[in-house]
Amino acid sequence: MGFTEEHRKWVEDHISRRTGERRGRLERGHGHGERMFLEKVWWPMMGHFNDLHPEYEVLDWRSKPYFVDFVWKPGQVKFAFEVKGYGPHVQNTDRTRYRQELNRETYLQIAGYRVVAIPYDDLDANPELTITLLRPLLMPYLAVKMEEQGEFCRLERDILRIAVRTNGCIRPVDLVRELGIDKRTARKGLSALSQKGKFCPIVSQESGRVCKYEYIHSLKDIQLW
């Protein structure tokens, strides 16, 4: 399924499991900026919404509810993502609200969240920059979860880590350079992962041979990650 259908199912699932203000906040607060972050950054980077929670409620230091745009919890780590436009968060705010927002971010850090601010203007004009910045921040935590799986050998896990932190397309020569292995071993590892449904071989129109392998995001990544 594509982004639109998966996004609809994901939002409906979270709405169905909420009541009161937590439900109302999701229905009201999941707007244009949040959807743009998911469509232009999260979906191209991850291919799924596993462990991602929209309009996530956190009680602040005064025991008052505060809703974070997104919280990602892949295991023990917790990331808090806030989509921030210049107008609502800087230009059109007063000193009190601005101070409270900074204090909330500090409290989230104290509560164990890694807080990441996402500029709205970058989502609109240059989402590739946001992806480039987020990949090295998030992928180590995906790699840790892959270590827990017995389905893949060490070489295959190394290849998968490279795939998820790059644009998803790998050539055998890339593995030779990054992993210090020979080309035959690289091809063998990519071929094995292709048979397991993790890569799609791309054939060169000129030579008729496989020239690179494209990483496949799938629902199976729920168990992998």
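Let me begin by describing the structure that accompanies this report. Predicted, not measured: the structure shown is a model, and the values here were computed from it. (Residues numbered from 1 in each chain as written. Predicted model: local features only at pLDDT ≥ 70, side-chain atom pairs only at ≥ 80, totals over all residues. Heavy atoms only, no water.)

## Overview of the overall build of the protein chain
Which entries qualify depends on this criterion: Runs of E in the DSSP output that reach at least two residues are strands. Runs of H or I that reach at least four are helices, and both are numbered from the N terminus. Type-normalised accessible area, obtained with a 1.4 Å probe on protein chains alone, sets the label of each residue: buried when under 20%, exposed when over 50%, and partly exposed for intermediate values. Note on definitions: a residue-residue contact is assigned when non-hydrogen atoms from the two residues lie within 4.5 Å.
The helix and strand inventory of the protein chain stands at eleven helices and seven strands. Across the 225 residues that make up the protein chain, the buried fraction comes to 43%. If you take every contact in the protein chain between residues at least 6 apart in sequence, the share linking residues at least 24 apart comes to 56%.

## Here's the deal with the packing of aromatic side chains
Here is the rule: Pairing of aromatic side chains here covers Phe, Tyr and the six-membered ring of Trp, requires ring centres within 6.5 Å, and sorts the geometry by plane angle: under 30 degrees stacked, over 60 edge-to-face, intermediate tilted. Put simply, a charge is over a ring when the Lys NZ or the Arg CZ is close to the ring centre, within 6 Å, and near the line of the ring normal, within 35 degrees.
In the structure shown here, the tally under the stated rule is 13 aromatic pairs. Judged by centre distance (6.1 Å) and plane angle (70°), the ring pair of Phe-3 and Phe-49 falls under edge-to-face. A residue pair is termed long-range when its members are at least 10 positions apart, and Phe-3 in helix α1 (residues 3-16) and Phe-49 in the loop between α3 (32-46) and β1 (52-59) qualify at 46 residues. The exposure class assigned to Phe-3 is buried, which follows from its relative accessible area of 8%. When the ring of Trp-10 is compared with that of Phe-49, the centres are 4.8 Å apart and the planes differ by 25°; the resulting orientation is stacked. In this pair, Trp-10 sits in helix α1 while Phe-49 sits in the loop between α3 and β1, placing the two residues 39 residues apart along the sequence. Of the aromatic side chains, those joined through ring pairs into one cluster are Phe-3, Trp-10, Phe-37, Trp-42, Trp-43, Phe-49, Phe-70, Trp-72, Phe-79 and Phe-81. Across the ring face of Tyr-113, the terminal group of Lys-78 is positioned such that the distance to the ring centre comes to 4.2 Å.

## With respect to the sheet that holds strand β4 (residues 113-119)
Just so we agree on the cut-off: We treat two strands as partners when DSSP finds at least two bridges between them. As a rule, the C-alpha atoms of each element are fitted with a line to give its axis, helices using only the stretch in contact, and angles between N-to-C directions run from 0 to 180 degrees.
Spatially, β1-β2-β3-β4 is the arrangement adopted by the four strands of the open sheet, whose pairing is mixed. Each edge of the sheet is formed by a strand with only one pairing partner; in this case those strands are β1 and β4. With strand direction ignored, the average angle separating the axes of adjacent strands in the sheet is 45°. In terms of strand pairing, β1 meets strand β2 (residues 65-72) through seven bridges, oriented antiparallel.

## What about the pairing of strand β3 (residues 78-84)?
Within a regular strand, the side chains alternate between the two sheet faces. With six of its seven residues buried, β3 lies for the most part within the structure. Here β2 runs beside β3; their pairing, made up of three bridges, is antiparallel. The partner of Trp-72 across the bridge, within β3, is Phe-79. Two successive antiparallel strands, β2 and β3, enclose a turn made up of five residues, where Gly-75 displays a positive phi of approximately 95°. For β3 and β4, the ladder comprises seven bridges, and the chain directions are parallel. Bridging across to β4, Phe-79 finds its partner in Arg-114.

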